[in-house]
Amino acid sequence: MSDQPIDKVLRVVKPFVPIKQGIRPYPNQKVPDYMLKLVKDDSAYQAFIANPAESLKREGIQPETLDVDMFFDLAKVLRDRSKGIDSIIDKIAESVSKKETSEGRQYNFDHSRSWAYRYESAIFHERGTSEEKSKSEMVGTTNKFEQSGISIRPEEILRHEINLLFFPAQPLVTPSLVNKIKENLSTDISNELVP
Amino acid sequence: MIKSICFLTTYQCNAQCDYCECSPYQKDKLTGAEMVRLIDEAKSLGTVGLVVFSGGEPTLLKEDLLWAIQHASSKGLLTRVVTNGWWGESREAARTYLDRLIDAGLYEINISVDDLHQEWIELSRVKNAFLACYERQFKCLLAHKQTKSSIITKRHLEEYFGVQLIEYNPNKHYSPEDECRLISTGVVIPVTRNEESADWNDLIFTSWTQSCSSVLNDIVVGANGNFLPCCGIITKNVPELTRADLKATRLIDAIEDANNDLILNWIALEGPASIAQFVKEKNPSIKFREQYVGICHICNEILTRNDVRKVLLEHVNEIIDRISLHRAFMEKARSDEKLMAMYCRT
């Protein structure tokens, strides 16, 4: 097969060879349980970094049954992704078009950081959605580099946040939903068969 | 959660835009009976509330389109037609056709309008179609794509239509006076037809390194009956994204099959940029662009380059464990609303 991309419209030269591979059910549920713990619990994560093998054993996971480097890398990726509200503020701040009326930052002796922004107008663009607001305040503080914050936002932004909380754009379908639908379908079929 | 099903009702279109696979010469189309059956299957999923009829140009299906709208509407589902507005030859013709759609039970309409479409469809037709909606206060959104040098911009349309348009925000609720004059502007994604001739200096770039929130959230049915588990922008020649024949397979079985596919999980959980990174690690001689227009753009590239696919075929086994663990984590974390809110927006 040529290394050149094929014409993708009408002149398909050769069909692609399908990459047929599935995921597999994770055999030891303690591993994803522990991953969730590491993502949510900072002290558990610190303990894991300090001594991965021992930490895994404490959770009932034999380190030799696991690719520890892969596990560590994924934990880091997921923790980065699951950072608190300040990562959103930071992210928004990177992509914001705004007219600020005041801004303040303060670095404290205890390695914490405080900030306050006031906007007259702002437009956020993020993942294909946009948010606009005419007036807003943001205040927050970080402690020992672990961030937390408070944002005071107009109602429409708050509604967006609530929507994300209750209807997050979760990737993929939950397998339990597929099973439930299949059960319902088979029930419907058997009901139809009843004279 | 699957909230909508979108039919690419036909790949035939009276336009032949750059970066789209549809054309007047493509004859694939779904029949009314096929759409009706799949609407019933989608309804039985229990989560679907919206049926979208897109294409190609769905209005070329004539009576079959009206039948399918009528059927979906009778099942309590909302319906949307995505059209290029060619039927607005005159204001009267636009009113007549729109009335037929509304009578069939259509809930809302999207009209494509941008420099690419208007090489083929006169803008005056779009104006007539839009104003027919506007005067009836019928829900209408102008689906608009833009590059840096686009002539057809929101302002251009406002001046030509004589109507002030409102930028669509999916999180806002609009009054009846406003929801008939919405515009949603996206970027042009240079994939498929004439992608090689795209002017890179003219394109608008968005973020492209995240995971894809479309895979298995959008259910798209191709004009030849294939199951497409994502938004459908990418070429239909990619076997991972153009899957089961729904003429022979139940929708729920196709969903389950896709739901367990490694490549789709990888795209959904870690994103196509992560796949590109993996390929680069395995074969450093493979080069990628420094920047992509968006997630679909890089996804199209990794899944249509033979050198990339070759590396994936050779090494895909090495990633099964990680993606399986990530998926298992996802299922554990899914009920944690706060965590998922953060997880899904990065």
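What counts, and where the lines are drawn
- Residues numbered from 1 in each chain as written.
- Chains lettered and ligands numbered in written order.
- Predicted model: local features only at pLDDT ≥ 70, side-chain atom pairs only at ≥ 80, totals over all residues.
- Heavy atoms only, no water.
- Salt bridge = Lys/Arg side-chain N within 4 Å of Asp/Glu carboxyl O.
- Buried < 20%, exposed > 50% of the residue type's maximum accessible area, 1.4 Å probe, protein only.
- Helix = DSSP H or I, 4+ residues; strand = E, 2+ residues; numbered from the N terminus.
- Core = buried A, V, L, I, M, F, W, Y, C linked by side-chain atoms within 4.5 Å.
- Domains from an automatic or database assignment.
- Contact = heavy atoms within 4.5 Å.
- Arc of directions from axis to C-beta.

Undergrad: Any chance you could explain the pattern of salt bridges here in plain terms?
TA: Oppositely charged side chains are able to pair whenever their charged atoms sit close together. Residues and elements named next belong to chain B. Under the definition given, this model contains 33 salt bridges over all chains. Residue Asp-253 is joined to Arg-250 by a salt bridge in which the shortest nitrogen-to-oxygen separation is 3.0 Å. Among the residues examined, Asp-253 registers a relative accessible area of 26% and is labelled partly exposed. Between Glu-270 and Arg-322 there is a salt bridge whose closest N-O contact spans 3.1 Å. With a gap of 52 residues between them, Glu-270 in the loop between α7 (262–269) and α8 (272–282) and Arg-322 in helix α11 (residues 320–333) connect regions that are remote in the sequence. Accessibility assignment for this pair places Glu-270 and Arg-322 in one class, buried. Taken together, the salt bridges that share partners define one network made up of Arg-91, Glu-92, Arg-95, Asp-99, Glu-135 and Arg-136.

Undergrad: Any chance you could explain the nonpolar core here in plain terms?
TA: Soluble globular proteins tend to pack their nonpolar side chains together in the buried interior. Residues Phe-71 of chain A together with Phe-7, Phe-53 and Ile-255 of chain B are the most contacted members of the largest nonpolar core, which totals 149 residues. Counting contributing residues per domain, this core is built from domain 1 (4–204) and domain 2 (262–345) of chain B, each supplying no fewer than three. In this view, Phe-7 of chain B contacts Leu-30, Met-35, Leu-38, Ile-39, Val-51, Val-52, Phe-53, Ser-54, Gly-55 and Val-221 of chain B; residues no more than four positions away in its chain are not counted.

Undergrad: Whenever I open this one, the environment of Asp-245 of chain B confuses me. Can you help?
TA: All names here are of chain B. Tracing the sequence through the fold places Asp-245 in the loop between β9 (227–228) and α6 (251–259). You can call Asp-245 partly exposed: its relative accessible area is 34%. Sequence-wise, Asp-245 and Gly-222 are 23 residues apart; in three dimensions their C-alpha atoms are separated by 9.3 Å.

Undergrad: What am I meant to see in α6 of chain B here?
TA: Note: α-helices contain 3.6 residues per turn, so residues at a spacing of three or four share the same orientation. Along α6 of chain B, the residues classified as buried are Leu-251, Ile-252, Ala-254, Ile-255, Ala-258 and Asn-259 of chain B. What you see down the axis of α6 of chain B is that its buried residues fit within an arc of 160 degrees, all on one side.

These figures capture arrangement, not role.
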